[in-house]
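Inside the fold
Read off the chains here:
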Amino acid sequence: MTQGSTQGSTQEPGSDRSGRTTADTALRLFEQQARDTPRGYAVIAGADSLTYGQLDVRANQLAHHLMADGLPPGAVVAIGTARRTEIVVALLAVLKAGGAYAVIDVEVPLTGQRQLAALTPYVLLTDAEHHARLDDGSGLRVIRLGAEAAEISGRPTEAPERPEPGATAAVLFTGAAYPRAVPVGHARLLAAHEGWAEVIRPVPGDRHLITHGPDLTPFAAGWTRALCSGGALVVPERTPWTPEGIRRAVESEQVSVVHTDPAGATRLLVRAAEHPGSAAARRRESDPALRSLRLVTVTGDRLFLDEQAALQGRLRAGTRLLNVYGPTETAGTGTWFELSQLPGPLDDPEQLSLIGTPFPGCRVELPGGQIRLTPPDGGDPIPTGDLAELRPDGLLEFQGRIRDRITTADGTLDPHTVEAAIRSHPDIGAALVAEVPDGRSGARRLVAYLAPPADAQAWPPAADLPDSGRLRDHLAGKVQGVETPQAVVRLRTLPRNRAGQENRDALAQPVLTKPGRGEGASGGGKYAAAGLPSADPFTLIALCAGFVVFTGLFFFVLSKVIWPGATDLDGVPGPWAFLFFVLYLFEGAAFAAGLLFLCAGRALMRRHGHSQGTTTAAHLAVVYLLVAWWPQDNCYRLAAKQDWPVQAALVYAFNIPLMIAAAVLAVYVTGTPPSPADADTDAPGSSVG
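Residues numbered from 1 in each chain as written. Predicted model: local features only at pLDDT ≥ 70, side-chain atom pairs only at ≥ 80, totals over all residues. Heavy atoms only, no water.

Per the secondary structure count, the chain includes 21 helices and 28 strands. Burial status across the chain gives 51% buried among its 689 residues. (Helix = DSSP H or I, 4+ residues; strand = E, 2+ residues; numbered from the N terminus. Buried < 20%, exposed > 50% of the residue type's maximum accessible area, 1.4 Å probe, protein only.)

Laid out in structure tokens, this is it:
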């Protein structure tokens, strides 16, 4: 390990690959496994499970079908299907036919369409359902796997006469909102596998589970970790992985290796958030369902040292947990770190994100603190767009991303440094710092978005997070005054994109308003985050009263048209007639409010982070609770008290749905929403451990 005097720090490659194979491609490694253990499981997916022999035969048949369709050597084949078993068959078939594969996201059609637009594929392998989602009208050649299944199954089962492959083995995608296509050659795909093999030491009995989407690098390039070492790849049968589905699969299929992102690792290993205050949470017990695990690798975003130690503490003794920095350009390799690399205890682990040492074959240079990563198969160093420093103990410390830098009147601010200092607060688990325009002056001010630790005991979640005043006191002496956030937004968890990276683009943009006279003490600072511009109470009361009167009178008149006589107050004594009239106004105003909430309320409710189905049900429940009163009371007033059929019909039409709506709303209010996850900017090195 050397220090460059002008070019910055340099970290040399990891150890030589003593287990380097003689195969020249990852495909040949798989085919060797298929010959050696044809009856061993290769893909485990319930009824769709395949042995190595079955997988090899199906890949051969599809390869023959592609070649019969005229696939030129080196041509790109896009794979767009939701079934992971079919994806594995297809990517092997493409390699056998001499092409290059690219896995497309079919769960989010817009992302899939953007991925296709970034390619020039010769053909798209898909099915009828996903073809409709991905079709952009460009006339792309398509092979429908379902419709052509009989023809494919009639193809020869032996491997085709393989043409000379092109330079590209796979086209991988970054996790950005506008994905960038990254060609990866056969040598790099193989070298990446060999580097991983030396670091994680896979054995034929391993069962690997990759939680990332199949279009992302950890799966699209990481399948080799299982299928080129004799292990099995555990995949979902039909639908994408869910947190509970992953846990069940780990237990039922005896998964030994899990590859995931920081949020996925937290959901899998930290159960205290699900059962706050439980004895198991206090003792930090390992989950019996995860007893089969021997290794967990975490990639996709920065992982702070205290988080890594907490995750490690939830695993059984002897289980390894690796923090991996693996950009797309290097096929998911780069650097790796585990706690055993530490030479001794470190202070302030909540402020350190260590990415360790290079993978075998990789080399890291740090000119000006910017990471330049040499791929495992050699070649020119690749600028990743990320920052790091080489510590005296020889370990690399992640220092943030160039694209996240904030330019202020006083210079350039690296938010990672401020966010690390914020995390030293005992009640803060995660933080992002961003610039937000002031609602009045238009000046841009720093806002801290805070989330509690995963095992926080507070209820409701985020209740213990500090306000801007307490945060400012905590940061005093730790960061410069100009780097101190002037407002705080409390979140249950930070948003992440589909690659598992903290998503700054998805942060809410609050309106910053100056508090009124005397508000500074309780508001937590000079500036406070607000959803609405400030207004004095009398103005708000006047606006609400005007809304009730205007809409109430409108629907009062409309009632006389739709239900003649229902609002007739001629026989009611004076004082009570006025009260009933006010009731009719409020019923009409509630109906109007319900209509407005029907149009605009769902978007506001989605900010709370509940699932789409729960949010939709609660949204409709609120709408019904508002709109039901106006038609209900008018119908009741016209119905005879002894007309039991009509009375029963009204009860079942209005009262029981009101009870159901109230119950749905109660579930929504008391339920804990899942972690939000959704697109980073298009820059090299889209995956950080």
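Taken together, the side chains of W576, F578, L579, F580 and L583 present a nonpolar region at the surface, about 540 Å² in accessible area. Structurally, F578 is set in helix α18 (residues 574-605). (Patch = residues over 30% accessible without salt bridge, like charges linked within 9 Å, V, L, I, M, F, W, Y side chains within 5 Å. Areas by Shrake-Rupley, 256 points an atom, 1.4 Å probe, with all protein chains shown as cover. Salt bridge = Lys/Arg side-chain N within 4 Å of Asp/Glu carboxyl O.)

A word on the packing of α18 against helix α20 (residues 629-638). Packing of α18 against α20 brings their axes to within 8 Å, and their N-to-C directions diverge by 135 degrees. Of the possible angle classes, the one that applies to α18 and α20 is oblique. Only W629, W630, P631, D633 and R637 of α20 make contact with α18, whose side of the interface consists of Y584, E587, G588 and F591. Along the lines of polarity and charge, the residues of the contact of α18 with α20 split into 5 nonpolar, 1 polar and 3 charged. (Axes fitted to C-alpha atoms, helices over the stretch in contact; angles between N-to-C directions. Parallel < 35°, antiparallel > 145°, perpendicular 65-115°, else oblique. Contact = heavy atoms within 4.5 Å. Nonpolar A, V, L, I, M, F, W, Y, C, P; charged D, E, K, R; others polar.)

Turning our attention to the side chain of T328. Its place among the elements puts T328 in the loop between β15 (320-325) and β16 (335-337). What makes T328 buried here is its relative accessible area of 2%. A polar atom in the side chain of T328 sits 3.2 Å from the side chain of T217. (Polar contact = N/O pair within 3.5 Å; in protein donor to acceptor, adjacent residues only side chain to side chain.)

The 3 strands lie next to each other as β24-β25-β26, forming an open sheet whose pairing is mixed. Edge positions in the open sheet fall to β24 (430-437) and β26 (487-490), since each of these has one partner strand only. Averaged over all neighbouring strand pairs, the angle between strand axes comes to 30 degrees, with direction disregarded. Of the strand pairs in this sheet, strand β25 (residues 444-451) and β26 are connected by 4 bridges, and their pairing is parallel. (Pairing = 2+ DSSP bridges.)

With that out of the way, let us pick up the packing of aromatic side chains. For any two aromatic rings, the description comes down to two numbers: the centre-to-centre distance and the angle of the planes. Summed over all chains, the structure comprises 9 aromatic pairs. Plain terms: the ring middles of F556 and F581 are 5.2 Å apart, the flat faces sit at 85 degrees to each other, and that makes the pair edge-to-face. Taken together, the residues F556 in helix α17 (residues 537-562) and F581 in helix α18 connect sequence positions 25 residues apart. By relative accessible area, which is 25% here, F581 ends up partly exposed. Members of the aromatic cluster, joined through ring pairs, are F554, F555, W563, F591 and W630. We note R114 situated over the ring of Y178; from NZ or CZ to the ring centre the distance is 3.8 Å. Lying across the ring of F304, R423 places its NZ or CZ 4.3 Å from the centre. (Phe/Tyr/Trp six-rings, centres within 6.5 Å; stacked < 30°, edge-to-face > 60°. Lys NZ or Arg CZ within 6 Å of the ring centre and 35° of its normal.)

Should the charged atoms of two oppositely charged side chains come close, the side chains can pair. Taken as a whole, this structure holds 33 salt bridges when the rule is applied. Here R188 and D377 are joined by a salt bridge, their closest N and O atoms 2.9 Å apart. Of the two residues, R188 is situated in helix α7 (residues 186-200) and D377 in the loop between β19 (370-374) and β20 (382-390); the sequence distance between them amounts to 189 residues. Taking the shortest distance from any N to any O, the salt bridge between R207 and E253 comes out at 3.5 Å. Taken together, the residues R207 in strand β11 (residues 207-210) and E253 in the loop between α10 (243-252) and β13 (257-260) connect sequence positions 46 residues apart. Under the relative-accessibility criterion, E253 is labelled partly exposed at 24%. In the salt-bridge network here, residues are joined through shared partners; they are D301, R302, D386, R401, D404, E419, R496, E502 and R504.

Residues of strand β10 (residues 181-185) alternate between two faces, with V182 and V184 buried on one and A181, P183 and G185 left unburied on the opposite face. For strand β9 (residues 168-173) and β10, the ladder comprises 5 bridges, and the chain directions are antiparallel. Looking across to β10, one finds that T168 is bridged to G185.

Here the focus is the confidence of the model for the chain. In this model, the chain carries an average pLDDT of 87, and 87% of its residues clear a pLDDT of 70 or more. Note on residues 272-283: pLDDT is under 50 here. Beyond four places in sequence and across chains, it has 15 contacts. With pLDDT under 50 throughout, residues 515-534 is counted as low confidence; its partners more than four residues away or in other chains account for 37 contacts. (pLDDT = per-residue confidence, 0-100.)

Inspection of the secondary structure puts R320 in strand β15. A distance of 2.7 Å separates the side chain of R320 from the side chain of E338, its partner in a polar contact. If sequence neighbours within four positions are ignored, R320 has contacts with V199, I200, R201, R294, L295, V296, Q312, L315, W336 and E338.

Among the 8 residues of helix α14 (residues 415-422), 7 are classified as buried, and the element is accordingly described as predominantly covered. Of the positions making up α14, those classed as buried are P415, H416, V418, E419, A420, A421 and I422. Structurally, α14 contributes buried residues whose contacts are with β21 (396-401), β22 (406-408), β23 (411-413), β24, β25 and α15 (468-475).

Nonpolar side chains tend to gather and get buried jointly when the protein is soluble and globular. The biggest cluster of nonpolar side chains holds 54 residues, and the ones touching the most others in it are L55, L92, Y101, L125 and W223. With sequence-adjacent residues up to four places away left out, W223 is seen in contact with L91, L92, L95, Y101, L189, I210, P218, C228 and L233. Within the second largest apolar cluster, 22 residues are counted, among which are L209, L269, V270 and V298. (Core = buried A, V, L, I, M, F, W, Y, C linked by side-chain atoms within 4.5 Å.)

Moving on to the environment of K560. Residue position: K560 is located in helix α17. The exposure class assigned to K560 is partly exposed, which follows from its relative accessible area of 41%. As a C-alpha pair, K560 and N634 span 74 residues in sequence and 9.7 Å in three-dimensional space.

Moving on, we get to unusual backbone geometry. Residues other than glycine seldom take positive phi values, yet Q254 does so here, at roughly 55 degrees. Looking at the element boundaries, Q254 is found in the loop between α10 and β13. Phi is positive for A331, close to 60 degrees, though the residue is something other than glycine. In this structure, A331 sits in the loop between β15 and β16.

For the rest of this paragraph, the subject is the pairing of strand β6 (residues 100-103). Of the two faces of β6, the one holding A100 and A102 and the one holding Y101 and V103 are both buried throughout. Where strand β5 (residues 76-80) lies against β6, 4 bridges are found, and the strand directions are parallel. Bridged to A78 within β6 is A102. The parallel pair β5 and β6 is bridged by helix α3 (residues 84-96), and the resulting crossover is right-handed. (Right-handed = clockwise from strand over helix to strand, strands pointing away.)

This paragraph deals with empty space enclosed by the protein. Approximately 60 Å³ is the volume attributed to the second largest cavity. The wall of the second largest cavity is formed by R302, L387, F398, Q399, G400, R401, D404, D414, P415, H416 and R504. When residues of the lining of the second largest cavity are traced back to their parent elements, those giving at least two are β21 and α14. The element that contributes the greatest number of residues to the lining of the second largest cavity is β21, accounting for 4 residues. Partitioned by chemical class, the residues of the lining of the second largest cavity number 3 nonpolar, 3 polar and 5 charged. (1 Å grid on protein atoms, 1.4 Å probe; cavity = no way out; pocket = protein on both sides within 12 Å on 5 of 7 lines; lining within 4 Å. Points joined across faces, edges and corners; volume = space filled by probe spheres on them.)

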